[in-house]
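Summary of structural features
If you want the building blocks of each chain, they are given just below.
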Amino acid sequence: MEFFGLFEYGFFRNAFSAAFLMSVTCGIIGTYIVARRMVFISGGITHASFGGVGIGYFLGVPPIAGAAVFAVIAALTTENLTRRKVLRNDSIIAITWSLGMAIGIIFVYLTPGYAPNLMSFLFGSIITVTLADLIFMIALTATVSLFFMAFYRTILYLSFDEQFAKTRGIPVMLMNYLLIVLVALTIVLSIRIAGIILVLSLLTIPQNTANLFTNRFGGIIIGSIIIGFLSSVIGLYVSYVLNIPSGATIIFTLVVMYLSGRLIKFVA
Amino acid sequence: MNNLQIELKQVTAGYQGHTVLEDVSLSIRHQDFIGVIGPNGGGKTTLLRVLLGLIKPFSGTVHYHISRKEIGYLPQISQFDDQFPITVHEVVHSGLLTGIRSGVLKHRSCNARIEEILDSVGIRALQNRSIGELSGGELQRTMLARAIISSPRLLVLDEPNTYVDNKFEIELYAILKELNKTLSILLVSHDIGTISPYIKSIACVNRRLHYHPSNEISEEQLKVYNCPIEIISHGQIPHRIIKEHQQ
Ligand SMILES: Nc1ncnc2c1ncn2[C@@H]1O[C@H](COP(=O)(O)OP(=O)(O)OP(=O)(O)O)[C@@H](O)[C@H]1O
Ligand SMILES: [Mg+2]
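It should be emphasised that the depicted structure is a prediction, and the values quoted were computed from it without experimental measurement. Once a new chain begins, its residue numbering starts again from 1 and follows that chain's sequence as written. Written order decides the labels, with chains lettered from A and ligands numbered from 1. It should be noted that, the model being predicted, local features are given only for residues of pLDDT at least 70 and side-chain atom pairs only at 80 or more, the latter also being counted only at that level, while totals for whole chains, interfaces and linings use all residues. Note: side-chain values were computed over all heavy atoms of the structure, leaving out hydrogens and water.

Residues and elements named next belong to chain B. For the magnesium ion (ligand 2), the full set of protein donor atoms is Thr 45 (OG1) and Gln 76 (OE1), and the range of their distances to it is 1.9 to 2.3 Å. Of this pair, Thr 45 sits in helix α1 (residues 44-51) while Gln 76 sits in the loop between β5 (71-74) and α2 (88-94); the two residues are 31 residues apart in sequence, bridging distant segments of the chain. When its relative accessible area of 27% is taken as the criterion, Gln 76 is described as partly exposed. Donors, by definition, are the N, O and S atoms found within 2.8 Å of a metal, the threshold being 3.2 Å for Na, K and Ca, and water is not counted, so a site can look incomplete. A helix here means a DSSP run of H or I that spans at least four residues, while a strand means a run of E at least two residues long, and both kinds are numbered starting from the N terminus. Throughout this description, buried means an accessible area under 20% of the type-specific maximum (1.4 Å probe, protein chains only), exposed means over 50%, and partly exposed covers the range between.

Here is the structure:
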């Protein structure tokens with residue numbers, strides 16, 4: 001089937017829109033995560049959200065809502081415990097990470113019958129994105145974009161040197177908590193695309209590809225959005241044509257893009 | 001008369017209940033130039049953090065007669081991630097932040113000011129480099145530029161001479177001396193010998209703080225102050241080393 005012919009299908013239009021929205025959001029949030037070296041924290045938040053998926057199935061509420069609640073709680077807890085140096089930072093992450101997974105596994109097991117779409121939470125399924133998902137994605141993309149546009153300098157400077165930003169009167173703690181909540185929500189909505197297992201790649205591979213060509217924070221954001229969007233659309237199309245899983249194909253495309261970037265840099 | 005800027009009174013401070021500074025009092029006045037010396041782990045950086053309001057003392061008071069935003073700060077180099085995607089120009093610009101939105105509002109208009117400051121520390125040509133592409137000394141100059149761009153009334157410098165070559169170290173102290181005509185300076189250094197000609201008084205910090213209202217200090221006084229540091233004088237070898245005394 002020819003690429004543009006696919007737009008006649010509602011599922012493809014939804015998938016295409018989701019790819020665009022999440023590329024923008026992941027481009028911005030991923031750059032923040034990568035610059036601040038928060039990739040591992042994000043991994044913890046991602047996996048902790050599975051606890052919410054399990055409880056969602058068990059209680060019969062939308063698993064994605066459960067995931068959002070768990071992700072935000074995990075994010076705030078990790079941030080708070082790290083600040084207070086209650087435990088080593090990476091240990092806190094490992095605990096939230098596995099605790100969330102454990103809760104998820106127990107509640108999925110306890111749920112009578114079978115848990116529909118469980119695999120799509122683990123591996124993603126951009127072709128089953130619904131109108132409701134899209135509405136949440138639009139809201140999140142708008143919030144993240146506006147927040148970063150309004151506070152771009154503040155976010156950049158406080159990420160570089162938090163102590164200094166504090167001396168300049170920036171409400172550093174408030175900003176950190178707001179940002180980690182946006183990170184958590186971005187992860188949850190990206191799970192629709194790539195699943196819990198693969199989602200981190202959407203937030204890191206485009207950034208590292210863009211980073212091959214620019215050292216500017218803003219440049220990495222723009223580059224990641226473009227790379228993320230191209231990879232999602234190419235991955236989506238290839239997965240449709242070859243009839244293979246979309247999430248994994250998108251990740252594979254991202255890696256190919258990264259390697260091509262390296263090659264271009266090497267040759268140029 | 002009332003040229004007081006900050007007063008610390010009987011401050012005890014530290015981290016997670018563990019005391020680093022005990023019963024510390026210090027007054028900083030307009031045009032002071034205080035050299036802060038002391039052994040590693042003595043609490044010099046902690047003293048600066050208390051002054052800047054970055055940590056709250058366990059007890060005692062810090063009284064500000066100037067706004068906290070009128071303090072320029074050059075942190076001890078160590079905690080920076082040199083792969084962070086930020087340019088020299090941007091780092092210096094961050095010195096102009098005064099609140100949550102100020103960076104966005106003023107960015108265009110302050111380029112001239114940034115270039116002027118970069119010129120004064122000799123790194124204007126590097127303004128578009130990202131910080132990962134700087135030498136230690138160039139990074140230190142960037143941090144100095146960031147500290148002074150807001151025209152502070154008090155400048156707080158935590159070992160600004162780390163990584164800096166001799167030539168810039170002399171230049172640095174000349175810049176500070178000039179700045180000291182209009183503002184006060186608190187300078188942490190391990191090298192009392194080199195800073196001695198520039199400073200006006202000395203604070204010895206080793207858990208407790210002993211204020212010494214002169215720019216020269218003898219080994220005997222350091223001993224009395226329980227401040228075990230080397231008195232290093234460039235070009236004069238061998239160094240005299242003072243033995244550490246435990247109370
Ligand atoms: N963020 C922190 N959390 C816990 N303990 C800390 C922290 N920062 C410093 N300390 C401890 O407080 C003590 C004093 O540290 P501080 O950094 O103030 O010393 P310093 O005089 O600046 O030393 P140096 O010459 O090495 O810079 C040290 O024992 C240090 O281990
Ligand atoms: Mg120190």
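Next comes the rest of the account.
For the rest of this paragraph, the subject is the environment of Pro 85 of chain B. Within the element layout of this structure, Pro 85 of chain B appears in the loop between β5 and α2. Placed 36 residues apart in sequence, Pro 85 of chain B and Arg 49 of chain B show a C-alpha to C-alpha distance of 26 Å. Working rule for contacts: check all heavy atoms of both residues, and any pair within 4.5 Å makes them a contact. Setting aside residues up to four positions removed in sequence, Pro 85 of chain B forms contacts with Ala 35, Leu 156, Asn 215, Arg 216, Phe 217 and Ile 220 of chain A together with Glu 90 of chain B.

Here we come to the pattern of salt bridges. Should a side-chain nitrogen of Lys or Arg be within 4 Å of a carboxyl oxygen of Asp or Glu, the pair is scored as a salt bridge. Taken as a whole and judged by the stated rule, the model has 17 salt bridges over all chains. With a shortest N-O distance of 3.9 Å, Arg 208 of chain B and Asp 23 of chain B are connected by a salt bridge. One end of the pair, Arg 208 of chain B, is in strand β9 (residues 208-212); the other, Asp 23 of chain B, is in strand β2 (residues 18-29), with 185 residues separating them in the sequence. Accessibility expressed as a relative area gives 39% for Asp 23 of chain B, which makes it partly exposed. The network of salt bridges with shared partners includes Arg 36, Glu 79, Arg 83 and Glu 162 of chain A.

What follows concerns the interface of chain A and chain B. Bring the parts together and some accessible area is lost; that lost area is often taken as the interface size. The interface is formed by 26 residues belonging to chain A together with 37 residues belonging to chain B. In this assembly, chain A and chain B are joined by three salt bridges. Glu 90 of chain B is the salt-bridge partner of Arg 153 of chain A, the closest N and O atoms lying 3.3 Å from each other. Throughout this description, a polar contact denotes any pair of N or O atoms lying within 3.5 Å of each other; where both atoms belong to protein, one of them has to be capable of donating a hydrogen while the other can accept it, and for residues adjacent in sequence the pair is counted only when both atoms sit in side chains. Taken together, the links from chain A to chain B amount to eleven residue pairs in polar contact (both at pLDDT 80 or more). Broken down by secondary-structure element, the contributors of at least two residues to the side of chain A that touches chain B are α7 (152-160), α8 (162-167) and α10 (217-242) of chain A.

Attention now moves to the sheet that holds strand β6 (residues 154-158) of chain B. Residues and elements named next belong to chain B. For two strands to be treated as a pair, DSSP must find at least two bridges joining them. Taken in spatial order, the six strands of this open sheet run β5-β6-β7-β3-β8-β9, and their pairing is mixed. Strands with a single pairing partner mark the edges of an open sheet, and in this sheet they are β5 and β9. Recorded for the sheet is a direction-independent mean angle of 15° between the axes of neighbouring strands. Judged from the four bridges that link them, β5 and β6 form a sheet pairing that is parallel. Looking at β6, one finds that Leu 74 is bridged to Leu 157. With respect to the sheet, helix α5 (residues 136-148) is in contact with β5 and β6, its orientation differing from that of β5 by roughly 170°. Between the N-to-C directions of two axes lies an angle of 0 to 180 degrees, each axis being a line fitted to C-alpha atoms and, for a helix, fitted only over the stretch in contact.

Moving on to the domain arrangement of chain B. Residues and elements named next belong to chain B. Where each domain begins and ends follows an automated or database-derived domain assignment. Along its sequence, chain B is carved into domain 1 (1-66 + 153-247) and domain 2 (86-152). At the junction of the two partners, domain 1 supplies 15 residues and domain 2 supplies eleven residues. In total, about 980 Å² of surface goes out of reach between domain 1 and domain 2, with carbon and sulfur atoms giving 70% of it. Our count for the domain 1 to domain 2 interface comes out at one residue pair in polar contact (both at pLDDT 80 or more). For the side of domain 1 that touches domain 2, the secondary structure elements donating two or more residues are β6 and α6 (166-179). Broken down by element, the residue count for the side of domain 1 that touches domain 2 peaks at four residues, all from α6. When residues are sorted by character, Ala, Val, Leu, Ile, Met, Phe, Trp, Tyr, Cys and Pro go into the nonpolar class, Asp, Glu, Lys and Arg into the charged class, and all the rest, Gly among them, into the polar class. A per-class count over the side of domain 1 that touches domain 2 returns eleven nonpolar, one polar and three charged. Summed over both partners, buried area is the accessible surface (1.4 Å probe) that two parts give up on being assembled.

We now examine the site of ligand 1. Taken together, 16 residues sit near ligand 1, with Gly 41, Gly 43, Lys 44, Thr 45 and Thr 46 of chain B positioned nearest. More than one chain reaches ligand 1: the nearby residues come from chains A and B. Take Thr 46 of chain B: an N or O atom from its side chain is 2.5 Å from an oxygen atom of ligand 1. Considering ligand 1 on its own, with 630 Å² of exposed area, one finds that the protein chains cover 69% of that surface. The element that contributes the greatest number of residues to the shell around ligand 1 is α1 of chain B, accounting for four residues. Of the residues belonging to the shell around ligand 1, the class tally is three nonpolar, nine polar and four charged. Being near a molecule or strand, for a residue, means having at least one of its heavy atoms within 4 Å of it. Every accessible area reported is derived by Shrake-Rupley at a probe size of 1.4 Å, with residue values counting cover from the shown protein chains alone.

Aromatic rings from Phe, Tyr and Trp, with only the six-membered ring used for Trp, were paired whenever their centres fell within 6.5 Å, and each pair was classed as stacked if the ring planes differed by under 30 degrees, edge-to-face if by over 60, and tilted otherwise. Under the counting rule described, the total for this entry stands at 23 aromatic pairs over all chains. Their ring planes at 70° and their centres at 6.3 Å tell us that Phe 147 of chain A and Phe 148 of chain A sit as a pair that is edge-to-face. You'll find Phe 147 of chain A and Phe 148 of chain A in the same group, each marked buried. Look at Phe 160 of chain A and Phe 84 of chain B: their rings are 5.6 Å apart centre to centre, the planes differ by 55°, and that puts the pair in the tilted class. Residue Phe 160 of chain A is located in helix α7, and its partner Phe 84 of chain B is located in the loop between β5 and α2; the two belong to separate chains. Per residue, the accessibility class of Phe 160 of chain A equals that of Phe 84 of chain B, and both read buried. Members of the aromatic cluster, joined through ring pairs, are Phe 3, Phe 4, Phe 7, Phe 12, Phe 16, Phe 20, Phe 229 and Tyr 237 of chain A. For Arg 141 of chain B, the ring lying beneath its charged end belongs to Phe 168 of chain B, and the centroid distance is 3.8 Å. One Lys or Arg, Arg 146 of chain B, reaches over the ring of Phe 164 of chain A and ends 3.6 Å from the middle of that ring. To sit over a ring, a charge needs its Lys NZ or Arg CZ within 6 Å of the ring centre and within 35 degrees of the ring normal.

Below, the discussion takes up the sheet that holds strand β1 (residues 4-15) of chain B. Residue and element names in this part refer to chain B. In space, the three strands of this open sheet follow the order β2-β1-β4, with antiparallel pairing throughout. The open sheet has two edge strands with one neighbour each: β2 and β4 (59-64). Mean inter-strand twist for the sheet, computed between neighbouring axes without regard to direction, equals 15°. Where β1 lies against β4, five bridges are found, and the strand directions are antiparallel. Opposite Lys 9, over in β4, you have Thr 61 as the bridge partner. Helix-sheet contacts for α1 involve β1, β2 and β4, and the interaxial angle to β1 is about 125°.

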